[in-house]
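Each chain, written out:
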Amino acid sequence: MAMKISNADRARILVHALPYIQKYTGKVVVVKYGGNAMIDEKLKNSVMRDIILLSLIGVKVVLVHGGGPEITDMLAKIGKATQFVDGLRVTDKETVEVAQMVLSGKINKSLVNLIQNMGGRAIGLSGVDGHMIEAATKDERLGYVGKITGVNVQPIHDVIEKGYIPVVSTIGCDNEGNIYNINADTAAAKIAGELHAEALISMTDICGILRDKDDPATLIPWITVEEAPELIKEGIISGGMIPKVECCVNAIKWGVNRVFIIDGRVSHSILIEMLTNEGIGTCFLRAEDKETE
């Protein structure tokens, strides 16, 4: 049963959100969209509503997405087996064409459509548009898996300036016309750095960094760039979270003010993180900024 909220309560909620709205209004916030929030329709709708609301209060939201599971599904449909080397997908010419089709076609356009159907204004871009993401081969064994060699954020600025939400798929290119599949966490961190974003929000399927991975009560709310390597050394950050955390730290080094890892499985997690004082996940920031919190 839906909870009834009085008009007075609604007004109080908005007043409490005001300082946070003022902090972010006119600033760039990059949302790296992935995990369960990308698959579950209810969560997907919640994320898009959050993004539209932020856009309406003057936040310059940039949505960056990947789509690994959908690429795997499409490859299975066409009968192409997926090979992995050290946990990374081997991407031959045919696979990268499928990746481009799924990311820049199916996923990108369906997100743009969803935002627009909810009353927002969005334009889809891929890393190929305006040579936004320039790439080269990351590892010969992986084929067309790209490492980023340059980022041109002018197309994103142009789209924001016209009042649209840019929705960016993480496909890169080089000067020879080759297409590369790019890791979405890395691409979001690089783009956010180039945009000097106020915040990068990385949506995951965990509630943040936990001291004890089995106890949500041990959530670490703040981690400085200097503390992160220690937590990796101690094994508190381990496995697949290591590259994600390294992207968060790099984003700060590249010029982002703060980076949040939040639980995309929680409805409206973006708004909870940005517009309340408790937040919901783990925030990465510079040591000097932590002292002022």
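Our subject in this report is the structure included herewith.

Basis of the calculations
Residues numbered from 1 in each chain as written. Predicted model: local features only at pLDDT ≥ 70, side-chain atom pairs only at ≥ 80, totals over all residues. Heavy atoms only, no water. Helix = DSSP H or I, 4+ residues; strand = E, 2+ residues; numbered from the N terminus. Rg over C-alpha atoms; globule rule 2.2 N^0.38 Å. Buried < 20%, exposed > 50% of the residue type's maximum accessible area, 1.4 Å probe, protein only. Contact = heavy atoms within 4.5 Å. Areas by Shrake-Rupley, 256 points an atom, 1.4 Å probe, with all protein chains shown as cover. Core = buried A, V, L, I, M, F, W, Y, C linked by side-chain atoms within 4.5 Å. Salt bridge = Lys/Arg side-chain N within 4 Å of Asp/Glu carboxyl O. Axes fitted to C-alpha atoms, helices over the stretch in contact; angles between N-to-C directions. Left-handed = near helix turned anticlockwise from the far one by under 90°. Nonpolar A, V, L, I, M, F, W, Y, C, P; charged D, E, K, R; others polar. Arc of directions from axis to C-beta. Polar contact = N/O pair within 3.5 Å; in protein donor to acceptor, adjacent residues only side chain to side chain. Phe/Tyr/Trp six-rings, centres within 6.5 Å; stacked < 30°, edge-to-face > 60°.

**A word on the overall build of the protein**
- Looking only at helices and strands, the protein features 10 helices and 14 strands.
- In terms of C-alpha radius of gyration, the protein reaches 19 Å, essentially the compact-globule figure of 19 Å for 293 residues.
- Oriented by its inertia axes, the alpha-carbon framework of the protein measures out at about 60 × 45 × 40 Å.
- Across the 293 residues in the protein, those meeting the buried criterion constitute 47%.
- Relative to all contacts within the protein whose residues are 6 or more apart in sequence, the contacts with residues 24 or more apart total 72%.
- When the accessible area of the protein is evaluated, it comes to approximately 14400 Å², of which 53% is carbon and sulfur surface.

**As for the nonpolar core**
- Counting 46 residues, the largest nonpolar core has Tyr33, Leu63 and Ile270 as the members making the most contacts within it.
- Considering every element that reaches this core, the biggest residue donor is helix 4 (residues 93-117), with 10 residues.
- Residues in contact with Ile270, not counting those within four places in the same chain, are Val31, Val47, Asp50, Ile51, Leu54, Ile201, Met203 and Ile262.
- Counting residues in hydrophobic clusters, the runner-up holds 43 residues, among them Ala135, Ile182, Ala189 and Ile209.

**Some thoughts on the pattern of salt bridges**
- Applying the stated rule across the entire model yields 11 salt bridges.
- In this structure, Asp185 engages Lys32 in a salt bridge whose closest nitrogen and oxygen atoms are separated by 3.5 Å. Of this pair, Asp185 sits in helix 6 (residues 184-194) while Lys32 sits in strand 1 (residues 28-33), and the two are 153 residues apart along the sequence. Both residues of the pair, Asp185 and Lys32, belong to the buried class.
- As a salt-bridge pair, Lys106 and Glu70 come within 2.6 Å of each other at their nearest N and O atoms. Here Lys106 is found in helix 4, whereas its partner Glu70 is found in helix 3 (residues 68-77), with 36 residues between them in sequence.
- Classification of Lys106 by relative accessible area gives partly exposed; the value is 46%.
- Several salt bridges converge on common partners, so that one network encompasses Lys32, Asp185 and Lys244.

**Here's the deal with the packing of helix 2 (residues 41-56) against helix 4**
- For the pair helix 2 and helix 4, interaxial distance at closest approach is 10 Å and the crossing angle is 65°. Here helix 2 and helix 4 pass one another in a crossing that is right-handed. Where helix 2 abuts helix 4, its residues Lys44, Asn45, Met48 and Ile52 lie against Leu111, Leu114 and Ile115.
- Looking at the contact of helix 2 with helix 4 residue by residue, the classes come out as 5 nonpolar, 1 polar and 1 charged.

**Considering helix 5 (residues 154-161)**
- Those residues of helix 5 that fall on the buried side of the exposure criterion are Pro155, Ile156, Val159 and Ile160. Buried positions in helix 5, seen along its axis, are confined to an arc of 135° and lie on one side of it.
- Looking at the buried residues of helix 5, the elements they touch are strand 2 (60-65), strand 5 (122-126), strand 8 (165-169) and helix 6.
- Just downstream of helix 5 lies Gly163, where phi reads positive at about 90°.

**Let's talk about the side chain of His65**
- Looking at the element boundaries, His65 is found in strand 2.
- Take His65: its relative accessible area is 0%, and that puts it in the buried class.
- Among the polar contacts listed, one links the side chain of His65 to the side chain of Asn108, at a separation of 3.2 Å.
- Look past the residues within four positions of His65 in its chain and what remains in contact with it is Tyr33, Met38, Leu103, Ile107, Asn108, Leu111, Val167, Val168, Ser169, Thr170 and Ala184.

**Some remarks on the packing of aromatic side chains**
- Scanning the entire structure with this criterion turns up 1 aromatic pair.
- On the numbers, 5.9 Å between centres and 50° between planes, the contact of Tyr144 with Tyr180 is tilted. You can see Tyr144 sitting in the loop between strand 6 (133-137) and strand 7 (146-151) and its partner Tyr180 sitting in strand 10 (residues 179-181), a full 36 residues away along the chain.
- Using a relative accessible area of 4% as the deciding quantity, one classes Tyr180 as buried.

**Section: the side chain of Ser169**
- Mapped onto the elements of the fold, Ser169 is located in strand 8.
- On the accessibility criterion, Ser169 (0% relative accessible area) is buried.
- Discounting chain neighbours no more than four positions away, the residues touching Ser169 are His65, Leu103, Ser104, Asn108, Leu125, Ser126 and Gly127.

Everything listed is a geometric property; what it means functionally is a separate question.
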